Each structure stands twice: as C-alpha cells, then as structure tokens.
Amino acid sequence: MRWPSNRYLFAIIILIVSTARADIKLDFNRNNQTYNWLTSFNHAFQQQGFKLITSFNGESNLIKGQTNRWQENAAANVESEKSIIGPLSLVTTAEYNVNGLDRRRVLSIGLATGLAYRPWEFFKLTPLVRVDHIKRSDPDMHKSDQGAGYGIESAINPGNLYGVKLDANFSFDRRKLSNIPSDEGKYSVNAYRSFFGSDTVWAAFKGLEAAKKYYGASTEGGSIIKQIRQERQGDFAAAMTLPANLHLRVDGNARLSRYLYRYTGLEDANLPQRDNYGQGGGYKGSLKGEIQGLASGIVGYAWSKSNQDFQKADLDQKIELGELSFQGKLRISSYDSLYTDLLFGVTSYSNPSINSNREDRDQQSFVLNGRFNHIFNPYFSVGLTGGVNSFHQIYVSGVQSANNNQNNTYILAPFASWKPFGPFALVQSFEIQANYITFDFDRASKAPTRNRIFRRATSKTEWKLTISDRLSWVQSYLYRYEDYGQLFWNDGWQQALSWDRRRNGLETKLVYAPDHIFQIAPFFSWEKTNDYNHDITGNSQEETITELRYLADEQVKMLFDIELIFNWNHVRRTRIDFSHRIRTFLQRPKENSDYATVSMEYLF
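Treat the numbers as computed from the prediction; the structure is a model and nothing was measured.

## Observations regarding the overall build of the chain
Helix and strand counts for the chain stand at 1 helix and 28 strands. Radius of gyration (C-alpha) of the chain: 32 Å, far over the 25 Å computed for a compact globule of 604 residues. Over its C-alpha atoms, taken along the principal directions, the chain stretches across nearly 90 × 70 × 70 Å. Within the chain, the fraction of its 604 residues that count as buried is 29%. Counting every atom, the chain has about 36600 Å² of accessible surface; 56% of that belongs to carbon and sulfur.

Structure representation (structure tokens):
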C-alpha cells in the first residue's frame, strides 16, 4: 500500500462519504530502512429503517535497500440494509481486498445483494446472489478468476425458551468461480441459563463445512484437486455458589478439524497433499474461597489432550497435559500482605507410530512465585518477590535418555519505596536470577559438557520529582551484571565462565503539560556495555592452568527522543515521536539510526 495507494483510494473515499460519523486511525512509523503505514476506519450507522456498516483496514511496509521491497494488505467492506415493506428489507454488501508483495498482486472484488425476510422479531432469513472477481498478477503471469454465486443466511436472535436464552446462526455461500469454485457453510448455536440469581450454565457449538476445487501441476497436464475442510468445536461452562461462600467454576471444550483431498487426473503416487486432521479437548475447574478482609484462595485443575495426524509418522503427535494450580492472598496485618501462586503439571508428548517414538517424552513443570510487602508508614514500604521455575524433561526411549534434562530458574528481588516529602518519590529494586540447565546423566569433570548456567544481577534506582502541576522529572540509574558458562561436576556443580557482561545505564525524562491539550516529553538515555571473554591456557598435567579474561567488545548507546501529544478534544488526538540513536563499538563502525512515529485518531 503505497500511501495513499491508488489501488484502493476510491474505497476510502466511498467509506468516508457514505456516513456522517466515523472514526479514523492513522499510524506511521519509520527507522533507517523500514517504513510502516497503518490505517483503520470503522463505523456503524443506524436510523429508523436503515443500517450501514463500513470498515477499512490497511497496512503497508517498505523495506529500503538496493531494491525497495513493498508489502501491502488492505480490506474494505460496506454492508447496508434498507426496509422496503413490512418484514422485507433490501440487503447489499461490497468487499474490496488487495494483497501484494513487490510486483505480485492479488486483487479481489465481491458484490452481493438480497432480500431479508423477518417474519418474527427473533428470526431473520436472507437469501443472496453475488458476483466475484479475483485478479492475480506478477511480472510473468496475469490470471483472472470470476463468476457468480448465491448463498443464504439465517439468524435466531436471543430468545427465551423455558428460561434458556438461545441464539443461532447459519450461512451457506457458493462461489462458482471459473478457476477455484467453492462452497462454504457455517453454523453456531449458543445457550445460556441462570439459576438462583448467581449460578449459570453456558454451552456453545459451532462448525464449518467447506469445499473448493483448484488446478494443480502435473507431469502429464493439468489436474483438479478438491479440498474438503471440516471444523467443529463445542464449549461448555458452569459456575455456581456453594455453601461457606465457595465459588465453583467448570469449563470444557472439544474440537475437530479435517482437511481431505480428492484428486482427478493425477496419476503420480507421490500426492502433493494428504488427508490430515487434528482433534482435542479438555476441561478445567476451579474452587474459590474467601474470608472477607483476611484471605482468599483459588484451587484449580486443568486437563487437555490433542492429536495431530498428518499421515506421516515423523510429524504425527499426541499431547496430553494435566496441571494443578493454587493462588492465594493473605493479609497478615494492616501493614503486611502476602501473595503466592503455585503450579504443578505434567505434559506428555508421544508419536502413535512405534517406529517414530524416539522423541516421546514427559515434561514435569513446577512454578512457584511469591510476594511479601510491608508498610512501615505512609512514606516508606519494602517488599520481596521470589520465584522458582523448574522444567524436567524425561525421554521414554532409552536411546534418548541421555537427553533427560532439567531447566531451573531461581529469582529473588527485594524492593523499597520511599517518599520523604510530597513531590519526591524514590524506588530502589534489586533482582538476582540464576538459570541452570543440567542433563541427568552428564557428570563430566571437564569439557565437553552440555550443562550450562546463566546468572544475572540487576540494581535499579528511580526517582520522580513533581516540580509543579505541569512539570515532572523522572531519573533512573541501572547496573546489571551477567555471566554464562559451563557447569562441571566435581562432587558438586562448579562453574567455568565463557563470558561475562557489565552494563551501566542512565535515563532522564521530563514531562511538561502547560494545558489539557498539549504535552511534550523529552527523553535521554545513555548506556555502556562491556563484554569479556574467558579462556583457559596452560598445561593440565603440570597443573599450571591459567584463566584469561579480556575485553571482547564495548558498546556505548545514546538515545535522544522527544514525544509530542495533542489531545485536541475527546474525539481528536495526535501523537508525534522522534528519536535519534547513536551506537559505538570497539571494533565495528559507529551506527546512527533515526525513528519517527506519527499517530492520529479522529472521530467525526
């Protein structure tokens, strides 16, 4: 979409003049080599006996280089309904779509019209006739596909049947195109029932049945391929209140999808596409309890199973998951609070073919997070957060058992907030993180070993000064240390560093808003990163091993940014952002990058 694209500029004009009120969103952003345009237009207009729905969404991307590379996607839709007499009304729809990459384009236009018949307030039936035109083009080929078709739509608006609220939709669409004819049917049913005010039961079922024909390549001439697509899904949910102020909720779902292929005029046994299907389902339940003002907790269990069959043993897979979870909040006192969540689960991966089960495995998951907060007074508070994430993969096949491994991450993060006086606030936080990847049967005392460790320690100091009602200043300082290396087993895990990194950063931001319309926010950041490599030299037999640490790279980054916001009124808003980034390296050329973003929202 070369902004504005002549290919569908007329569609934007039609949409804008077709209604008196609409909302438009425009967004543009760029850096040194990439330009992006986003456009959105959506509105629904309705008055006595007439309804009009218009929408437009467009996206363009330009990547500059030796040859500019364009990608564009746009879709415009118009739907209208005009009452004629009694239960009859005239329905008209139009759609315009374009998809392009460089010089390749797919353009589609569709028009449909029909009479909507509403014999009752809750029921509507709409037969339609339609024409479609699709044009595909690239530098070496131009191909058109066009034809007529028909369809029917029906809807049952929410009605009440013995206390059950029902709504249902059904549609059938046939497009008799010259090259790719297709049939498609959709249906959905929703039912909702409430009991005793707070207890509810909801169930839904939806499906799709579609078929299309298209021409495929063959060594002996053209072939016809018929694709049959089937999708079905059912959902269920129930919620009820139990004694002792307990709340129970249960959800469940089941789904099935199939792609079936039928060939005409193709003798080659190596078919280009094969029948495949996927199916799955599951449920989850939770029980919530609460002691007003003191504690609350939720215990849940979830189970799901899925199966994918591509008729190729190396791709087929079954996945089964079971998870037990807990969330709790405890107010120890008026100054102390505690929050925790826990999850334990097992996921099994298996291949139905006994000849392709080398990757069959179970993954055990354990996640524990907690947060404690203490308020000393209205001006000073401290807290501590921590967590453990553990994933253990166990292969069923003995041949793959050497790949059994554990991926464990530990996080500890204390923090403090201090407000010594009204306009000034200070927040100090620390975080320590360690990630261990260890293989169950790898206890090597020297290289090579697959065991790894990554560590990170971060300190961040941030303060905010409110100078006036119109001006505020935010300043922060960041220090971070990271290292990575192998783990060796010597009566316990020992670390051999491969590299370490140190980072220092400063950020400052001013926000000035002289009135309710205009706001300006200049921003500056400076960051310096030093990367060090670790090597080992010497003679291990004479025990003269020496570890060398040397500077591998040094990077300094500076960012200058300014943001302008214009809140003209409750229906118009403009945001403009410009930034310039400078990066210098130890052994690489300096980089300069420019970024710009312009966003507009307008309702008229």
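Right, picking up where we left off after that structure.
## With respect to the side chain of Gln555
Position of Gln555 relative to the elements: it lies in strand β26 (residues 546-569). In terms of polar contacts, Gln555 uses its side chain to reach the side chain of Arg583, at 3.1 Å. Ignoring any residue separated from it by four or fewer positions in sequence, one finds Gln555 in contact with Glu527, Lys528, Thr529, Arg583, Thr584 and Phe585.

## Remarks on a nonpolar patch on the surface
Together, Tyr283, Val299, Tyr301, Leu324, Phe326, Leu342, Phe344, Val346, Phe366 and Leu368 give the surface a local cluster of nonpolar side chains, amounting to about 810 Å² of exposed area. Of all the elements, strand β17 (residues 336-350) adds the most residues to the nonpolar patch, at 3 residues. For Leu368, the location among the structural elements is in strand β18 (residues 361-377).

## Examining the side chain of Ser599
Tracing the backbone shows Ser599 in strand β28 (residues 591-603). Separated by 2.4 Å, the side chains of Ser599 and Asp27 make a polar contact. Among all residues touching Ser599, those that are not within four sequence positions of it are Leu26, Asp27, Arg573, Thr574 and Arg575.

## Description of unusual backbone geometry
We note that Asp102 has phi near 55°; this positive angle belongs to a residue other than glycine. Counting through the fold element by element, Asp102 comes out in the loop between β5 (88-101) and β6 (104-120). At Ala244, a residue that is not glycine, the phi angle is positive and equals roughly 65°. Secondary-structure assignment places Ala244 in the loop between β12 (223-242) and β13 (246-264).

## Description of the layout of surface pockets
By volume, the largest pocket is sized at about 860 Å³. Lining the largest pocket are 38 residues; nearest its centre among them are Glu79, Thr93, Leu128, Glu153 and Ser171. Listing elements by their share of the lining of the largest pocket, those giving two or more residues are β3 (50-63), β4 (69-85), β5, β6, β7 (123-138), β8 (141-161), β9 (164-177) and β10 (182-195). In terms of residue count, β8 provides more of the lining of the largest pocket than any other element does, 8 residues in total. Tallied by class, residues from the lining of the largest pocket come to 15 nonpolar, 11 polar and 12 charged. Taken as a whole, the second largest pocket encloses approximately 370 Å³ of empty space. Surrounding the second largest pocket, 15 residues form its lining, Ile180, Ser182, Glu184, Ala211 and Lys212 being those nearest its centre.

## Remarks on the pairing of β9
Sheet analysis places β8 next to β9, joined by 13 bridges and oriented antiparallel. Its bridge partner being in β9, Leu161 is matched across the sheet by Val164. As paired elements, β9 and β10 share 11 bridges and run antiparallel to each other. Opposite Asp173, over in β10, you have Glu184 as the bridge partner. Taken together, β9 and the strand that follows it, β10, pair antiparallel across an intervening segment of 4 residues.

## A short note on the nonpolar core
Among the nonpolar cores identified, the biggest contains 7 residues, and these are Ile24, Phe41, Phe56, Ala74, Ala76, Tyr96 and Val98. Going through the elements one at a time, β4 and β5 are the ones with two or more residues in this core.

## A short note on the pattern of salt bridges
Across all of its chains, the model carries 27 salt bridges by this definition. Salt-bridge contacts for Glu209 lead to Arg232; the nearest nitrogen and oxygen are separated by 3.0 Å. With Glu209 in strand β11 (residues 199-216) and Arg232 in strand β12, this pair connects stretches of sequence that are 23 residues apart. A residue is classified by how much of its surface remains accessible, and Glu209, at 28% relative accessible area, is partly exposed. Among the ionic pairs, Arg229 bridges to Glu231, the shortest N-O distance being 2.8 Å. Salt bridges sharing common partners tie together Glu95, Arg130, Asp132, Asp173 and Arg175.

## Concerning the packing of aromatic side chains
Tallied over the entire structure, the rule returns 18 aromatic pairs. Where Tyr410 meets Tyr436, the ring centres are 6.1 Å apart and the plane angle is 70°; that geometry is what we call edge-to-face. Placement of the pair is Tyr410 in strand β20 (residues 405-421) and Tyr436 in strand β21 (residues 424-439), with a sequence separation of 26 residues. Of the residues examined, Tyr436 reaches a relative accessible area of 28% and is grouped as partly exposed. Ring geometry for Phe421 versus Phe424: centroids 5.7 Å apart, planes at 20°, classification stacked. By way of ring pairs, the aromatic residues Phe28, Tyr35, Trp37 and Trp70 are connected into one cluster. One cation-aromatic arrangement involves Arg443 over Trp489; the distance from NZ or CZ to the ring centre is 4.8 Å.

## Concerning the environment of Thr264
Inspection of the secondary structure assignment puts Thr264 in strand β13. Expressed as a C-alpha distance, the spacing of Thr264 and Asp577, which sit 313 residues apart in the sequence, is 57 Å. The contact partners of Thr264, leaving out residues within four places of it in the chain, are Ser223 and Ile224.

## Comments concerning the pairing of β12
Here 19 bridges tie β12 to β13, and the two strands are oriented antiparallel to one another. Bridge pairing links Gln227 to Tyr261 in β13. Two successive antiparallel strands, β12 and β13, enclose a turn made up of 3 residues, where Ala244 displays a positive phi of approximately 65°.

## Regarding the environment of Lys288
Turning to its location among the elements, Lys288 is positioned in strand β14 (residues 276-291). The partly exposed category is assigned to Lys288, whose relative accessible area is 37%. With 10 residues separating them along the chain, Lys288 and Ile298 place their C-alpha atoms 4.4 Å apart. With sequence-adjacent residues up to four places away left out, Lys288 is seen in contact with Asn245, Leu246, His247, Gly297 and Ile298.

Criteria and thresholds
Every chain is numbered on its own, with residues counted from 1 as its sequence reads. Reporting of local features is limited, given that this is a predicted model, to residues whose pLDDT is at least 70; pairs of side-chain atoms are given and counted only at 80 or more, and all residues count toward the totals for whole chains, interfaces and linings. With hydrogens and water stripped out, all remaining heavy atoms of the structure feed into the side-chain values. The numbering of helices and of strands both runs from the N terminus, where a helix is a DSSP run of H or I of at least 4 residues and a strand a run of E of at least 2. The globule rule is 2.2 Å times the number of residues to the power 0.38, and the radius of gyration it is compared with is taken over C-alpha atoms. Buried, partly exposed and exposed residues are distinguished by accessible area as a fraction of the type maximum, computed with a 1.4 Å probe on protein chains only: under 20%, between the cut-offs, and over 50%, respectively. Per-residue and other accessible areas were derived by the Shrake-Rupley procedure at a 1.4 Å probe size, with only the shown protein chains allowed to occlude residues. Any pair of N or O atoms that falls within 3.5 Å is considered a polar contact. Within protein, one atom must be able to donate a hydrogen and the other to accept it, and sequence-neighbouring residues count only if both atoms are side-chain atoms. We call two residues in contact whenever any of their non-hydrogen atoms come within 4.5 Å of each other. Note on patches: the residues involved have over 30% relative accessible area and no salt bridge, like charges join within 9 Å, and the nonpolar side chains Val, Leu, Ile, Met, Phe, Trp and Tyr join within 5 Å. The salt bridge criterion pairs a side-chain nitrogen of Lys or Arg with a carboxyl oxygen of Asp or Glu, the two atoms within 4 Å. Detection works on a 1 Å grid of protein atoms alone, calling trapped sets that fit a 1.4 Å probe cavities and calling open sets with protein on both sides within 12 Å along at least five of seven lines pockets, with lining residues defined by an atom within 4 Å of a point. Grid points are joined across faces, edges and corners, and a volume is the space filled by probe spheres set on the points. Gly is placed with the polar residues, together with every amino acid not listed as nonpolar (Ala, Val, Leu, Ile, Met, Phe, Trp, Tyr, Cys and Pro) or charged (Asp, Glu, Lys and Arg). Pairing between strands requires that DSSP locate at least two bridges from one strand to the other. Buried residues of nine kinds, namely Ala, Val, Leu, Ile, Met, Phe, Trp, Tyr and Cys, make up a nonpolar core once their side-chain atoms join them within 4.5 Å. For Phe, Tyr and Trp, where Trp contributes only its six-membered ring, two rings pair if their centres lie within 6.5 Å, and the inter-plane angle classes them as stacked under 30 degrees, edge-to-face over 60, or tilted in between. Two conditions define a charge sitting above a ring: the NZ of Lys or the CZ of Arg must be within 6 Å of the ring centre, and it must be within 35 degrees of the ring normal.

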